[in-house]
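Results of the structural survey
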Amino acid sequence: MTQDELKQAVARAARDYVADRLPVGAILGVGTGSTANFFIDEIASIKDRLGGTIASSAATAKRLEGHGIRVLDLNDIEAIGIYVDGADEIDASMAMVKGGGGALTREKIVAAVAGTFVCICDATKRVKTMGGFPLPVEVIPMARAYVSRELTKLGGTPKLREGMVTDNGNLILDVHGLSITDPVGLEERINQIVGVVTNGLFAQRGADVLLLATADGVQTHVRPGR
């Protein structure tokens, strides 16, 4: 199967997961990126079951609205039943690196509100140790150089993502060369750097369910304790 075929398969599985478990009229959170786009196309067939959606980016909101799916303001709702999004990397603890599409801050906000976080990705994203994919860090523009120096002290090589301005008006530094053996600790440490909005480690709030597309079908993994 091609990577797009794997993404299509996991998007269908996620649609079925939502249809089976999200109560009619409940709110669905929707992520950003190529796999999330496949998911958006799939949920067009169940849009009448949804009370509305929360989009993690302007691009996601536009795609949802293009299908006639209602997009709400997060400030106007109290709870999100399920949040579905992809990942750039995910480890066995269900911690993730996200932000390849530049929407990490809004994704992290939606994840914080969601009752269940469902990660959808193909088997290439499942890794033993994260860090092969550069870790995105969203920064206030005036702090770019300072934050870069502080990230270098942590052992990484930060590079400005050229031509990228987030939906929040900020910049992205992609940190190369990290071996992330303590995702929770590193997430907290980077977020304490003045000028950092947030980083792409989703470890303190990792995935609850992983739908993993493989050549043999879509596997379901549930975080222990769920």
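Quick summary incoming for the structure in this document. (Residues numbered from 1 in each chain as written. Predicted model: local features only at pLDDT ≥ 70, side-chain atom pairs only at ≥ 80, totals over all residues. Heavy atoms only, no water.)

Evaluation of the coordinates by the stated rule reveals 0 disulfides. Unpaired in this structure, Cys 119 has its nearest cysteine sulfur neighbour in Cys 121, at a distance of 4.1 Å. (Disulfide = S-S within 2.5 Å.)

Before going further, it helps to examine the pattern of salt bridges. Taken as a whole and judged by the stated rule, the model has 10 salt bridges. Close ionic contact of Lys 98 with Glu 107 constitutes a salt bridge, the shortest N to O distance being 3.4 Å. Both residues of the pair, Lys 98 and Glu 107, count as buried. Salt bridges linked by common partners bring Arg 15, Asp 16 and Glu 42 together as one network. (Salt bridge = Lys/Arg side-chain N within 4 Å of Asp/Glu carboxyl O. Buried < 20%, exposed > 50% of the residue type's maximum accessible area, 1.4 Å probe, protein only.)

One broad trend across soluble globular proteins is that nonpolar side chains are buried collectively. Grouped together as the largest cluster of nonpolar side chains are 27 residues, with contacts concentrated most on Val 18, Leu 28, Phe 39, Ile 43 and Val 84. Considering every element that reaches this core, the biggest residue donor is helix 1 (residues 3-21), with 6 residues. Beyond its immediate stretch of four places on either side in the chain, Phe 39 contacts Ala 11, Ala 14, Arg 15, Val 18, Leu 28, Val 30, Val 84 and Ile 120. The next biggest cluster of nonpolar side chains, apart from the first, holds 20 residues, and it includes Met 130, Val 139, Ile 190 and Leu 201. (Core = buried A, V, L, I, M, F, W, Y, C linked by side-chain atoms within 4.5 Å. Helix = DSSP H or I, 4+ residues; strand = E, 2+ residues; numbered from the N terminus. Contact = heavy atoms within 4.5 Å.)

The strand order across the open sheet formed by 3 strands is 4-5-11, and the pairing between neighbours is antiparallel. Bordering the open sheet on either side are strand 4 (89-90) and strand 11 (201-202), each of which pairs with just one other strand. (Pairing = 2+ DSSP bridges.)

Further remarks concern the environment of Ala 79. Relative to the helices and strands, Ala 79 is located in the loop between helix 3 (58-66) and strand 3 (80-85). Once the C-alpha coordinates of Ala 79 and Phe 39 are considered, the two residues, 40 residues apart in sequence, prove to be 21 Å apart. Once you skip the residues sitting within four places of it in the chain, Ala 79 turns out to touch Ile 27 and Val 113.

For the coordinates displayed, the defined rule picks out 2 aromatic pairs. Taking the centre distance of 4.9 Å and the plane angle of 45° together, the rings of Tyr 83 and Phe 117 count as tilted. Of the two residues, Tyr 83 is situated in strand 3 and Phe 117 in strand 6 (residues 114-122); the sequence distance between them amounts to 34 residues. Its relative accessible area of 0% is what places Tyr 83 among the buried residues. For Phe 117, a relative accessible area of 0% puts it in the buried group. Here Phe 117 and Phe 202 contribute two aromatic rings whose centre-to-centre distance is 6.5 Å and whose plane-to-plane angle is 75°, an arrangement assigned as edge-to-face. On the criterion of sequence distance, the pair formed by Phe 117 in strand 6 and Phe 202 in strand 11 is long-range, its members being 85 residues apart. On the basis of relative accessible area, Phe 202 is assigned to the buried category, the value being 1%. Linked through ring pairs, Tyr 83, Phe 117 and Phe 202 together constitute an aromatic cluster. (Phe/Tyr/Trp six-rings, centres within 6.5 Å; stacked < 30°, edge-to-face > 60°.)

A few words now on the environment of Ile 172. Topologically, Ile 172 is positioned in strand 9 (residues 171-176). With relative accessibility at 0%, the residue Ile 172 sits in the buried group. Taking the C-alpha atoms as reference points, Ile 172 and Pro 136, 36 residues apart in sequence, are found 6.2 Å from one another. Setting aside residues no more than four positions away along its own chain, Ile 172 makes contact with Gly 102, Leu 104, Pro 136, Val 137, Glu 138, Lys 159, Leu 160, Arg 161, Met 164 and Thr 166.

All right, on to helix 5 (residues 144-153) then. Where helix 5 is concerned, the buried positions are Val 147, Ser 148, Glu 150 and Leu 151. Seen along its axis, helix 5 keeps its buried residues to an arc of 165°; they face one direction. Exposed and oriented more than 90 degrees from the buried face of helix 5 are Arg 149 and Lys 153. Note on helix 5: the residue one or two positions beyond its end, Gly 155, has a positive phi of about 100°. (Arc of directions from axis to C-beta.)

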